[in-house]
Amino acid sequence: MSTAMDTESTYSGYSHYSGHSKKAHRQGRDRHKSPRSKDGSRSEKSVTIQTPPAEPLLGNDSSRAEEGQDDNWGETTTAITGTSEHSISQEDIARISKDLEDSVGLDCKRYLGLTVAAVLGLLVFLTPIAFILLPKILWGDDLKTCGTVCDGLFISVAFKLLILLIGTWALFFRQPKADIPRVFVFRAILLVLIFLFVFSYWLFYGVRILDLKDTDYQGIVQYAVSLVDALLFIHYLAIVLLELRQLQPMFTVKVVRSTDGESRYYSLGHLSIQRAALVVLENYYRDFTVYNPALLTASKSRAAKHMAGLKVYNVDGPGNNASGQSRAMIAAAARRRDSSHNELYHEEADHERRVKKRRARLVVAVEEAFTHIKRLEAEEQQKAPGEMMDPREAAQAIFPSMARALQKYLRTTRQQQYHSMESILQHLSFCITNNMTPKAFLERYLNPGPTLQYDRDRWFSKQWTLVSEDAVTSGLRDGIVFVLKCLDFSLVVNVKKIPFIKLSEEFIDPKSHKFVLRLQSETSV
């Protein structure tokens, strides 16, 4: 097993400097061997050398690898091993400090809102209880007895407060899914309304009951019951504004990824721009295929190859250098335009042929590996119960037989950066545990899946930036366009209002479908 793993690791070494010529390596070694300057200071431009991970990846090169690499880059890659010093530049330090400041500000804003809501909620629930207990404590001997009526009101207040507590917990105290740039307008309005409402009740209670020491205890209890009833109605209003209002679809949004043009359509209700952006991002991670920048390098390398084949000669002297080169390149590009589509056709056909060939090899290798698993299970059933093979051990046993075919296929389809050896072993052991077929195991690798399918560290963007001409707290309307930006790409969202549909009814008389067939007895001879 260890021999197979060592053999596999030779195909999974990687480096930021793969594909360079020997001259570049000699220049890099000479540059590292050069002594430091007299003042002993380092240069501002630093180089970071990454050591291979403790557990090798299946051809896990960076998405920013050399564009001209072939599919067998794993066999010719120079792996930089040993102890190395990880250095960062001043730009990296500035970016890290900015991210820390942003995260601290977002955390403070989040906890401040939760604190204000918790304090206000505690005040709301303690106010009716205080209304009932304060007269008993301050001038209890002077109060009029109300008997059974007050007992019924006490039970009513207790159950209403319990219902209000459960509803408030379900509606407001939920784990936040994201940090939005602005406050949620309707929630802020509800908090202000509740504060003003409770404050007005306390003001009236202090002036009419505490100052005058009202002895009508039944009226005081009914006053507390009216407060609880009003709070329940405010909770109903919160459900309508926060939950029910946005359920009816009113707009259709088109989301386009800027790099490859992949698009999806979604229906949204009455939402603000920032909350619509959250809905778009939630659906993006579920519906869009994972962003693969390696698939975008083909057109760039093809354009670079075409430009590399152009040679420009300056025959008029150095004075006409810029204009002469531009005219010559334009003319050469026009002459080669007719032949470029043939090159593109042959490149795509050759790529499809290689993908089909390596896919067939992968399917055969996986089917043979699963057949071997079935044979091992039949052998293990004859052994003692304590000697049964664990699914993880079974996955490690059959993985080397399919590793090379899987590695080559992932390289050809440029998916190697999304699948580590550990994730493949986990998926293989999961399929073995649940008695899944080879086709079910290969589904993850043959068809690029949604973004959530892959490891969180490989797809999750820590921060998105919302760019909009209108205020992000304003509601959606027809024709609005806003952009969601992350580090590598952006999502362009175009909002269209669902048109008003006028549906009319046309009545059809059931008798109109009836007809009479008359046959003449006399026929012509």
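Just so it is clear, the structure is predicted and the values come from calculations on it, not from any experiment.

Quick notes on the overall build of the chain
Summing up its helical and strand segments, the chain has 13 helices and five strands in all. The proportion of buried residues among the 525 residues of the chain is 30%. Contacts spanning at least 24 positions in sequence make up 77% of the contacts within the chain whose residues lie at least 6 apart. Of the roughly 34800 Å² of accessible surface on the chain, a fraction of 58% belongs to carbon and sulfur atoms.

So, the side chain of Arg358
With respect to the secondary-structure elements, Arg358 resides in helix H9 (residues 321-380). According to the relative accessible area criterion, Arg358 is buried, its value standing at 14%. A distance of 3.5 Å separates a polar atom in the side chain of Arg358 from the backbone oxygen of Lys408.

With respect to the pattern of salt bridges
Scanning the model with the defined rule gives nine salt bridges in all. One salt bridge in this structure joins Asp229 and Lys160, with 2.5 Å as the shortest N-O distance. Pair noted here: Asp229 is in helix H6 (residues 217-244) and Lys160 is in helix H4 (residues 148-171), with a separation of 69 residues, a long-range link. Residue Asp229 is classed as partly exposed on the basis of its relative accessible area of 25%.

Describing the pairing of strand S1 (residues 251-257)
Covered by surrounding structure in S1 are Phe251, Val253, Val255 and Arg257 only, the residues Thr252, Lys254 and Val256 on the alternate face being uncovered. What sits between S1 and strand S2 (residues 263-268) in their antiparallel hairpin is a turn of five residues, with Gly261 showing a positive phi close to 80°. Examined bridge by bridge, S1 and strand S5 (residues 490-497) share seven bridges and lie antiparallel to one another. Directly across from Val256, in S5, lies its bridge partner Val492.

Some points on the UniProt feature "transmembrane region" (unreviewed entry) in the chain
In this structure's numbering, the residues bearing the UniProt feature "transmembrane region" (unreviewed entry) are residues 111-133, 153-172, 184-204 and 224-244. Helix makes up 100% of residues 111-133 and strand 0%, with an end-to-end C-alpha separation of 32 Å. Helix makes up 95% of residues 184-204 and strand makes up 0%, while its end C-alpha atoms are separated by 31 Å.

Section: H4
Quick reminder: α-helices carry 3.6 residues per turn. Residues three or four places apart thus point the same way. When the terminal C-alpha atoms of H4 are compared, their 35 Å separation across 24 residues agrees well with the 34 Å that a helix rising 1.5 Å per residue should span. Among all positions of H4, only Cys150, Leu153, Val157, Leu161, Leu164, Gly167, Thr168 and Leu171 are buried.

Points about the state of the cysteines
Evaluated as defined, the whole model comprises one disulfide. Here Cys146 pairs with Cys150 through a disulfide, and the sulfurs are 1.3 Å apart. Across the disulfide from Cys146 to Cys150, rotation about the S-S bond amounts to roughly -130°, and the bridge is consequently left-handed. Here the two residues Cys146 and Cys150 agree in accessibility, since each one is buried.

Some details on the packing of aromatic side chains
Scanning the entire structure with this criterion turns up 21 aromatic pairs. Ring plane angle 45° and centroid distance 5.9 Å describe the contact between Tyr284 and Phe489, whose orientation is recorded as tilted. Here Tyr284, found in helix H7 (residues 273-287), pairs with Phe489, found in the loop between strand S4 (481-485) and S5; they are 205 residues apart in sequence, far enough to count as distant. Judged on exposure class, the residue Tyr284 and its partner Phe489 are both buried. Put simply, the rings of Phe131, Phe197, Tyr201, Trp202, Phe204, Tyr205 and Tyr223 pair up and form one aromatic cluster. One Lys or Arg, Arg264, reaches over the ring of Phe288 and ends 5.2 Å from the middle of that ring.

Quick word on the confidence of the model for the chain
Averaged over all residues, the pLDDT of the chain equals 75, while 67% of them reach at least 70. A low-confidence stretch, residues 1-96 (pLDDT under 50), is modelled with 112 contacts involving residues beyond four sequence positions or located in other chains.

Focus: the nonpolar core
If you look at the biggest cluster of nonpolar residues, it comprises 31 residues, and the most contacted ones within it are Phe131, Phe197 and Tyr217. Of all the secondary-structure elements, those providing two or more residues to this core are helix H3 (90-139), H4, helix H5 (185-210) and H6. For this core, the element with the highest residue contribution is H6, accounting for twelve residues. Excluding residues within four positions of it along the chain, Tyr217 makes contact with Ile132, Pro135, Lys136, Leu143, Lys144, Cys146, Cys150 and Phe154. Core analysis: the second largest hydrophobic core is formed by 27 residues, Ala395, Met402, Leu425 and Leu442 among them.

Some remarks on the environment of Ala403
Among the structural elements, Ala403 can be located in helix H10 (residues 391-412). Among the residues examined, Ala403 registers a relative accessible area of 1% and is labelled buried. As for Ala403 and Val366, which are separated by 37 residues in sequence, their C-alpha atoms are 9.3 Å apart.

Here we look at the sheet that holds S1
What links the strands of a sheet is backbone hydrogen bonding, and the strands pair in either a parallel or an antiparallel sense. With respect to topology, five strands assemble into an open sheet ordered S2-S1-S5-S4-S3, the strand pairing being antiparallel. Only two strands of the sheet have a single partner each, and these edge strands are S2 and strand S3 (465-468). The mean inter-strand angle of the sheet, taken between neighbouring strand axes irrespective of direction, is 25°.

Regarding the packing of H4 against H6
At their nearest, the axes of H4 and H6 sit 10 Å apart, and the two run at 20° to each other. If you check the angle between H4 and H6, you find them roughly parallel. When you trace H4 past H6, the crossing you get is left-handed. Here the residues of the contact of H4 with H6 are counted per class, giving 17 nonpolar, five polar and three charged.

Reading guide: rules and limits
Residues numbered from 1 in each chain as written. Predicted model: local features only at pLDDT ≥ 70, side-chain atom pairs only at ≥ 80, totals over all residues. Heavy atoms only, no water. Helix = DSSP H or I, 4+ residues; strand = E, 2+ residues; numbered from the N terminus. Buried < 20%, exposed > 50% of the residue type's maximum accessible area, 1.4 Å probe, protein only. Contact = heavy atoms within 4.5 Å. Areas by Shrake-Rupley, 256 points an atom, 1.4 Å probe, with all protein chains shown as cover. Polar contact = N/O pair within 3.5 Å; in protein donor to acceptor, adjacent residues only side chain to side chain. Salt bridge = Lys/Arg side-chain N within 4 Å of Asp/Glu carboxyl O. Pairing = 2+ DSSP bridges. UniProt positions renumbered as here; feature names shortened; annotations may be inferred. Expected span 1.5 Å × (residues − 1). Disulfide = S-S within 2.5 Å. Phe/Tyr/Trp six-rings, centres within 6.5 Å; stacked < 30°, edge-to-face > 60°. Lys NZ or Arg CZ within 6 Å of the ring centre and 35° of its normal. pLDDT = per-residue confidence, 0-100. Core = buried A, V, L, I, M, F, W, Y, C linked by side-chain atoms within 4.5 Å. Axes fitted to C-alpha atoms, helices over the stretch in contact; angles between N-to-C directions. Parallel < 35°, antiparallel > 145°, perpendicular 65-115°, else oblique. Left-handed = near helix turned anticlockwise from the far one by under 90°. Nonpolar A, V, L, I, M, F, W, Y, C, P; charged D, E, K, R; others polar.

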